[in-house]
Amino acid sequence: MSLKENTVQVFEKVSNACQKSGRTEQEVKVIAVTKYVDSSITRKLVEAGARHLGENRVEPFLAKREALKDLPITWHFIGSLQRRKVKDVINFVDYFHGLDSLKLAQEINKRADHPINCFIQVNISGEESKHGFSETELREALPQLAQLSQLNLVGLMTMAPLGADETLIASIFSKTEALRQTIQQEAWSNMPMTELSMGMSQDYPLAIEAGATFVRIGTAFFE
Ligand SMILES: *Cc1c(COP(=O)(O)O)cnc(C)c1O
C-alpha cells in the first residue's frame, strides 16, 4: 500500500468525475474515512493532503481528534450514533452524518452547546438493514425537526446498497438529490439543505455525477 499514491489517485478520480459532470472541484469535499487505521497513519494521510476526516465510532473519533489537534482538520462523525453517547461527542464534531431518527435529533438538540451541522440520513433504497428515514417518514418528521434550534440541517446523507449495479446506484443517488432540492425549496429556518453526503470507495464517481458535495472514502486510500 502506498498512501501517497492512493491519495493522488482518489483526488484524480474526483477531479475527473467533476469534469465529466461540469462541476468544479471546490464543490466536492473528500472525507477520508480513517476507521481502518490508527492515528499515526491518519497523520500521514493529512500530510498527503486530506483535510476532512471521518470516523464512525465515538472512542476512536475522540482519540484521533486529540492526537491530531495540531493539524487543520474538519471532523466528520459518519454513520449511526447511539443516543446515550450523544453527550460524549456531539459538541466536538464539525459535521454529523447519521441523523436517522427524531429521538436522536431531540437528544442532540438537548446536549448541543452550539448549533450542530447535521446531515439527515435517508434510506432511499428501502433496504431493511440500512438506517435512515424513508421519504415518507422524513416528510412527517420535518415540522418537528424544524423546531430544534440547535440543529443546523445542512443536507441529506445516503448509502447505496452494497454491490448493486450502477443503474440502480445512480437512480438512488439522483432521487436523494431531488429530495434534497425539494426540502431546500421549502426553506425551513434551520435547514439550509445545500449539501449532499453520498458516495463511498465503490461508487463515489457516480455520486459526484449525481450532485454529491461530500464523498466518504475509506478503503480506496488504504488498499
Ligand atoms: C466505512 C464507511 C464509509 C467508507 O467506506 P469505504 O467503502 O471504505 O470507502 C463511508 N460511509 C460510512 C457511513 C462508513 O461507515
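As named in an unreviewed UniProt entry, the chain is Pyridoxal phosphate homeostasis protein, taken from Streptococcus ovuberis. Looking at the Sequence similarities (unreviewed entry) heading of the UniProt record, one finds this comment for the chain: "Belongs to the pyridoxal phosphate-binding protein YggS/PROSC family." Under the UniProt heading Cofactor (unreviewed entry), the note attached to the chain is "pyridoxal 5'-phosphate".

Here the focus is the nonpolar core. In terms of nonpolar packing, the biggest core is built from 68 residues, with Phe96, Leu99, Ile120, Leu138 and Leu145 touching the most fellow members. Not counting chain neighbours up to four residues away, the residues in contact with Phe96 comprise Phe77, Gly79, Leu81, Ile90, Leu104, Ile108, Asn117, Cys118 and Phe119. Ile31, Val154, Met157 and Phe214 belong to the second largest nonpolar core, which has 5 residues in total.

The next subject is the UniProt feature "domain: Alanine racemase N-terminal" (unreviewed entry) in the chain. Per the UniProt record, the feature "domain: Alanine racemase N-terminal" (unreviewed entry) sits at residues 26-222. In the segment residues 26-222, helix accounts for 39% and strand for 19%; the C-alpha atoms at its two ends are 24 Å apart.

Checked against the element boundaries, Phe173 lands in helix H7 (residues 166-186). Of the residues examined, Phe173 reaches a relative accessible area of 1% and is grouped as buried. Each C-alpha atom, one on Phe173 and one on Glu209, is 9.0 Å from the other, the two residues being 36 residues apart in sequence.

A word on the site of the ligand. As a matter of local geometry, the ligand sits amid 14 residues, with Lys35, Tyr36, Ser201, Gly218 and Thr219 nearest to it. Backbone polar atom of Gly218 to an oxygen atom of the ligand: 2.8 Å apart, as the coordinates give it. Residue Thr219 places a side-chain N or O atom 2.5 Å away from an oxygen atom belonging to the ligand. Relative to its unbound accessible area of 390 Å², the ligand is 91% covered by the protein chains. Each residue belonging to the shell around the ligand can be placed in one class, and the counts come to 7 nonpolar, 5 polar and 2 charged.

To continue, consider the side chain of Ser201. Among the secondary structure elements, Ser201 is positioned in the loop between strand S7 (195-197) and helix H8 (204-210). Here the side chain of Ser201 touches Ala220 through a polar contact of 3.0 Å, landing on its backbone nitrogen. Excluding anything up to four places from it in sequence, Ser201 contacts Arg216, Ile217, Gly218, Thr219 and Ala220.

Tallied over the entire structure, the rule returns 9 salt bridges. A salt bridge links Arg139 to Glu186; the shortest N-O distance between them is 2.9 Å. Of this pair, Arg139 sits in helix H6 (residues 135-145) while Glu186 sits in helix H7; the two residues are 47 residues apart in sequence, bridging distant segments of the chain. Assessed through its relative accessible area of 35%, Arg139 is described here as partly exposed. Judged by relative accessible area, which is 34%, Glu186 ranks as partly exposed.

Burial of strand S2 (residues 52-55) is two-sided: the residues His52 and Gly54 facing one way and the residues Leu53 and Glu55 facing the other way are all buried. Across 3 bridges, the pairing between strand S1 (residues 29-33) and S2 is parallel. Across the sheet, Val33 pairs through a bridge with Gly54, a residue of S2.

What follows is about the packing of aromatic side chains. Scanning all chains against the criterion turns up 8 aromatic pairs. Ring geometry for Phe77 and Phe96: centres 6.1 Å apart, planes at 40 degrees, overall tilted. Residue Phe77 is found in strand S3 (residues 74-77), and its partner Phe96 is found in strand S4 (residues 95-99); the two are separated by 19 residues along the sequence. Assessed through its relative accessible area of 1%, Phe77 is described here as buried. When its relative accessible area of 0% is taken as the criterion, Phe96 is described as buried.

Feature annotation in UniProt places "modified residue: N6-(pyridoxal phosphate)lysine" (unreviewed entry) on Lys35, given in this structure's numbering. In this structure, Lys35 sits in the loop between S1 and helix H2 (39-47). On the basis of relative accessible area, Lys35 is assigned to the partly exposed category, the value being 38%.

Calculation criteria
Residues numbered from 1 in each chain as written. Predicted model: local features only at pLDDT ≥ 70, side-chain atom pairs only at ≥ 80, totals over all residues. Heavy atoms only, no water. UniProt positions renumbered as here; feature names shortened; annotations may be inferred. Core = buried A, V, L, I, M, F, W, Y, C linked by side-chain atoms within 4.5 Å. Buried < 20%, exposed > 50% of the residue type's maximum accessible area, 1.4 Å probe, protein only. Contact = heavy atoms within 4.5 Å. Helix = DSSP H or I, 4+ residues; strand = E, 2+ residues; numbered from the N terminus. Near = heavy atom within 4 Å. Polar contact = N/O pair within 3.5 Å; in protein donor to acceptor, adjacent residues only side chain to side chain. Areas by Shrake-Rupley, 256 points an atom, 1.4 Å probe, with all protein chains shown as cover. Nonpolar A, V, L, I, M, F, W, Y, C, P; charged D, E, K, R; others polar. Salt bridge = Lys/Arg side-chain N within 4 Å of Asp/Glu carboxyl O. Pairing = 2+ DSSP bridges. Phe/Tyr/Trp six-rings, centres within 6.5 Å; stacked < 30°, edge-to-face > 60°.

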